[in-house]
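# A structural walkthrough
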Amino acid sequence: GDLVDVHDRLGDLLREAGAWIDCIFHCPHEPGTCACRKPGTLLLERARKQLGLSTLAGSVMIGDSLTDVLAGRAVGARTILLRHGEARPLEADEVADSLHAAVRRMLDRASRAPTSTFFMRGQAPNQPPPAGPQRGRSGPPGGFSCARS
């Protein structure tokens, strides 16, 4: 469907830039009808389990709405609110002008932290991800390996 096509294109663009996504989750439900739709945390908890993490405290939730910030805070993640032209109430830990700026800030911070190692689980540092989507595969890196429900 259309959402799969968008995810595939996103994966292609990221691979061209030397990056990848470990998994994508989405909520197909109407607002207020489930626990996975933000600010609910069910999808974030599924991602934590799928990636073998014990906590999301070392994670960053980047989003453009208050529900993104609330979901991130509920799981203990650092939050970055994307500003789109007008000022918003500052509920987030940080505000960035774009996704690119938010990611650049995270990478710069990680490179300055002497105890941080910045690579994906199961991935050796400086090793590129495998080429092409790898649907249905469990575990990172590369492709869209998580169930979409």
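Below is a short write-up of the structure. Treat the numbers as computed from the prediction; the structure is a model and nothing was measured. (Residues numbered from 1 in each chain as written. Predicted model: local features only at pLDDT ≥ 70, side-chain atom pairs only at ≥ 80, totals over all residues. Heavy atoms only, no water.)

## With respect to the overall build of the protein
Of regular secondary structure, the protein possesses 4 helices and 3 strands. Put simply, the protein has 149 residues, and 30% of those count as buried. Across the protein, every contact between residues at least 6 apart in sequence was considered, and the portion connecting residues at least 24 apart equals 40%. In the structure as shown, the protein presents an accessible area of about 9200 Å², 55% of it carried by carbon and sulfur atoms. (Helix = DSSP H or I, 4+ residues; strand = E, 2+ residues; numbered from the N terminus. Buried < 20%, exposed > 50% of the residue type's maximum accessible area, 1.4 Å probe, protein only. Contact = heavy atoms within 4.5 Å. Areas by Shrake-Rupley, 256 points an atom, 1.4 Å probe, with all protein chains shown as cover.)

## Structural notes on unusual backbone geometry
The omega angle of the peptide bond from Lys38 to Pro39 is 15°, so this bond is cis rather than trans. Locating Pro39 in the fold gives a position in the loop between α1 (2–16) and α2 (42–50).

## Considering the sheet that holds strand β1 (residues 60–63)
In spatial order, the strands read β1-β2-β3; together these 3 strands make up an open sheet with parallel pairing. What marks the edges here is a single partner per strand, and that holds for β1 and β3 (94–96). Pairwise comparison of adjacent strand axes, ignoring direction, gives a mean angle of 25° for this sheet. Sheet analysis places β1 next to strand β2 (residues 78–82), joined by 4 bridges and oriented parallel. Bridge assignment links Gly63 to a residue of β2, and that residue is Leu81. (Pairing = 2+ DSSP bridges. Axes fitted to C-alpha atoms, helices over the stretch in contact; angles between N-to-C directions.)

## Some thoughts on the pairing of β1
A one-sided burial pattern is seen for β1, the buried positions being Met61 and Gly63 and the unburied ones Val60 and Ile62. Regarding the hand of the β-α-β motif, the stretch spanning β1, helix α3 (residues 66–74) and β2 is right-handed. (Right-handed = clockwise from strand over helix to strand, strands pointing away.)

## Description of the environment of Arg37
Secondary-structure assignment places Arg37 in the loop between α1 and α2. What makes Arg37 partly exposed here is its relative accessible area of 32%. Residues Arg37 and Asp68, 31 residues apart in the sequence, show an inter-C-alpha distance of 9.9 Å. If sequence neighbours within four positions are ignored, Arg37 has contacts with Cys27, His29, Glu30 and Pro31. There is a polar contact of 2.6 Å between the side chain of Arg37 and the backbone oxygen of His29. (Polar contact = N/O pair within 3.5 Å; in protein donor to acceptor, adjacent residues only side chain to side chain.)

## Looking at the pairing of β2
With 4 of 5 residues buried, β2 is to be regarded as a mostly interior element. Looking at chain direction, β2 and β3 are connected through 3 bridges and run parallel. Paired with Leu81 across the two strands is Val95, which belongs to β3.

## A look at the side chain of Glu94
On the secondary structure map, Glu94 appears in strand β3. With relative accessibility at 10%, the residue Glu94 sits in the buried group. Non-local contacts of Glu94, meaning those with residues more than four positions away in its chain, are made with Arg78, Thr79, Ile80, Leu81, Arg105 and Arg109.

## Focus on α3
Three or more residues of α3 are buried, namely Asp68, Val69, Ala71 and Gly72. Taken end-on, α3 shows its buried residues confined to a sector of 165°, consistent with a single buried face. Residues of α3 that are buried sit in contact with α2, β1 and β2. Among the residues trailing α3, Gly76 stands out with phi positive, at a value near 85°. (Arc of directions from axis to C-beta.)

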